[in-house]
Amino acid sequence: MASLLCVFFSAFPGEGTILSKLPTSAAASRKVVALTIDDGPHPGYTERILSLLAEHEVKATFFLVGKMAATYPYLVRKIAAQGHTVANHSHYHNNLVQLPPENMPFEWIMCNSTLYSITGTYPKFCRPPGGNYNQQVVAAAAKEGLRMVLWTANAGDCTGISAKTIEQKVMSRTNSGGIILIHDGVEATIEALPEIITKLRKKGFEFVTLDQAFPTSITDRPAKASSKTTSPAPSKGQALPEEDASSSYPTQ
Ligand SMILES: [Zn+2]
């Protein structure tokens, strides 16, 4: 995976976009970082993560598993209501590369419609479980209006390591424009989170959501309240807009 993570975007021109770093050209004088939280929602954990983020005034991006979102929609509503970005982490958290190609797109589609039914908004970003993808996975995501987002700093927090080690991994791997990957449902991660936020702030980092970092959409779908129809997704192979190099971040 290491080589894949060096890709900024557009590994498969014309068939999708892969983002693994925030645009920094418009924020050269600012150190920005995105905190991304995978695998939720998890009752008993998500609420505590949200409380910590609120306490520290940090907005994050939650890559949610559709099946979990359908089971705990109140947590999804809470995440969205608090201003965090809600994103697609597939419906069943399968390895998308190993699924039959005809079934694979439904992982994006089902999660998208689940999140839309709960929040009234289609997600704009997705992340494949385990970071496993191929050209078909990226193209299927693009067809659903999703940009694939990877990460630069993996906390490795699903491996049973201590809170201190999680913190050290994040701190040593985070640079400006970085995308931090942590997981919902892990006790040590919750324990590490306040220290991670405090230390990154001390080093001058500002936290942004992916919605803030990449404000443009690759498709304009209607909001639930404004229309009941679904606008057509871009056809397979349709060129996607280049990343807006002039993206600007809101002042925190
Ligand atoms: Zn995951």
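Placed above this text is the structure.
Residues numbered from 1 in each chain as written. Predicted model: local features only at pLDDT ≥ 70, side-chain atom pairs only at ≥ 80, totals over all residues.

## Details of the environment of Cys126
Then comes step 1: Of note, Cys126 is situated in strand β5 (residues 125-126).
Then comes step 2: Of the residues examined, Cys126 has 27 C-beta atoms within 10 Å and is grouped as buried.
Then comes step 3: Along the backbone, Cys126 and Leu146 are 20 residues apart, and their C-alpha atoms lie at a distance of 5.9 Å.
Then comes step 4: When residues no more than four places from it in sequence are discounted, the contact partners of Cys126 are Ala87, Asn88, Trp108, Ala141, Leu146 and Met148. (Helix = DSSP H or I, 4+ residues; strand = E, 2+ residues; numbered from the N terminus. Buried ≥ 20, exposed ≤ 12 C-beta atoms within 10 Å, placed from the backbone. Contact = placed C-beta atoms within 7 Å.)

## Let's talk about helix α6 (residues 135-143)
Then comes step 1: By the burial criterion, the buried members of α6 are Val137, Val138, Ala140, Ala141, Ala142 and Lys143.
Then comes step 2: Phi for Gly145, located one or two positions after α6, is positive at around 75°.

## Comments concerning unusual backbone geometry
Then comes step 1: Here the residue pair Gly40 and Pro41 is connected by a cis peptide bond, since its omega of 0° sits within 30 degrees of zero.
Then comes step 2: Along the chain, the position of Pro41 falls in the loop between β2 (31-40) and α2 (46-55).
Then comes step 3: Backbone geometry at His93 places phi at a positive 60°, although glycine is not the residue there.
Then comes step 4: In this structure, His93 sits in the loop between β4 (85-88) and α5 (105-119).

## So, the packing of α2 against helix α8 (residues 187-202)
Then comes step 1: Where α2 contacts α8, the axes come no closer than 10 Å and their chain directions differ by 5°. For the element pair α2 / α8, the angle class is roughly parallel. Two secondary-structure elements touch here, α2 through Arg48, Ile49 and Leu52 and α8 through Ile190, Leu193 and Pro194.
Then comes step 2: The residue makeup of the contact of α2 with α8, split by class, is 5 nonpolar, no polar and 1 charged. (Axes fitted to C-alpha atoms, helices over the stretch in contact; angles between N-to-C directions. Parallel < 35°, antiparallel > 145°, perpendicular 65-115°, else oblique. Nonpolar A, V, L, I, M, F, W, Y, C, P; charged D, E, K, R; others polar.)

## Examining the pairing of β4
Then comes step 1: Side chains of β4 alternate between two faces, with Thr85 and Ala87 and Val86 and Asn88 buried alike.
Then comes step 2: By the bridge criterion, 4 bridges tie strand β3 (residues 61-64) to β4 in an arrangement that is parallel. Counterpart to Phe62 in the pairing with β4 is Val86. (Pairing = 2+ DSSP bridges.)

## Regarding the pairing of β2
Two faces, one strand: in a regular strand the side chains alternate between the faces of the sheet.
Then comes step 1: Most of β2 sits inside the fold, with 9 of its 10 residues counted as buried.
Then comes step 2: Pairing of β2 with strand β9 (residues 205-207) involves 3 bridges; the strand directions are parallel. Considered in β9, the bridge of Val33 is made with Phe207.
Then comes step 3: Where β2 meets β3, 4 bridges bridge the pair, whose relative direction is parallel. Residue pairing in the sheet places Ile37 in a bridge with Phe62 of β3.
Then comes step 4: What joins β2 to β3 is α2, and the crossover it makes is right-handed. (Right-handed = clockwise from strand over helix to strand, strands pointing away.)

## Quick look at the nonpolar core
Then comes step 1: Among the nonpolar cores identified, the biggest contains 66 residues, and Ala34, Leu64, Ala141, Met148 and Ile180 are the most heavily contacted of them.
Then comes step 2: Among the elements that make up this core, the one with the highest residue count is α8 (7 residues).
Then comes step 3: With near-sequence residues (within four places) excluded, Met148 lies in contact with Gly16, Thr17, Ile18, Leu19, Cys126, Arg127, Pro128, Tyr133, Val138 and Ala141. (Core = buried A, V, L, I, M, F, W, Y, C linked by C-beta atoms within 7 Å.)

## Things to note about helix α4 (residues 73-81)
In an α-helix, one full turn covers 3.6 residues, which means residues spaced three or four apart are oriented alike.
Then comes step 1: Listed as buried for α4 are Leu75, Val76 and Ile79. Seen along its axis, α4 keeps its buried residues to an arc of 100°; they face one direction. Turned more than 90 degrees away from the buried face of α4 sit Tyr74 and Ala81, all of them exposed.
Then comes step 2: Buried positions along α4 lie against α2, β3, α3 (66-71), β4 and α5.
Then comes step 3: Note on α4: the residue one or two positions beyond its end, Gly83, has a positive phi of about 90°. (Arc of directions from axis to C-beta.)

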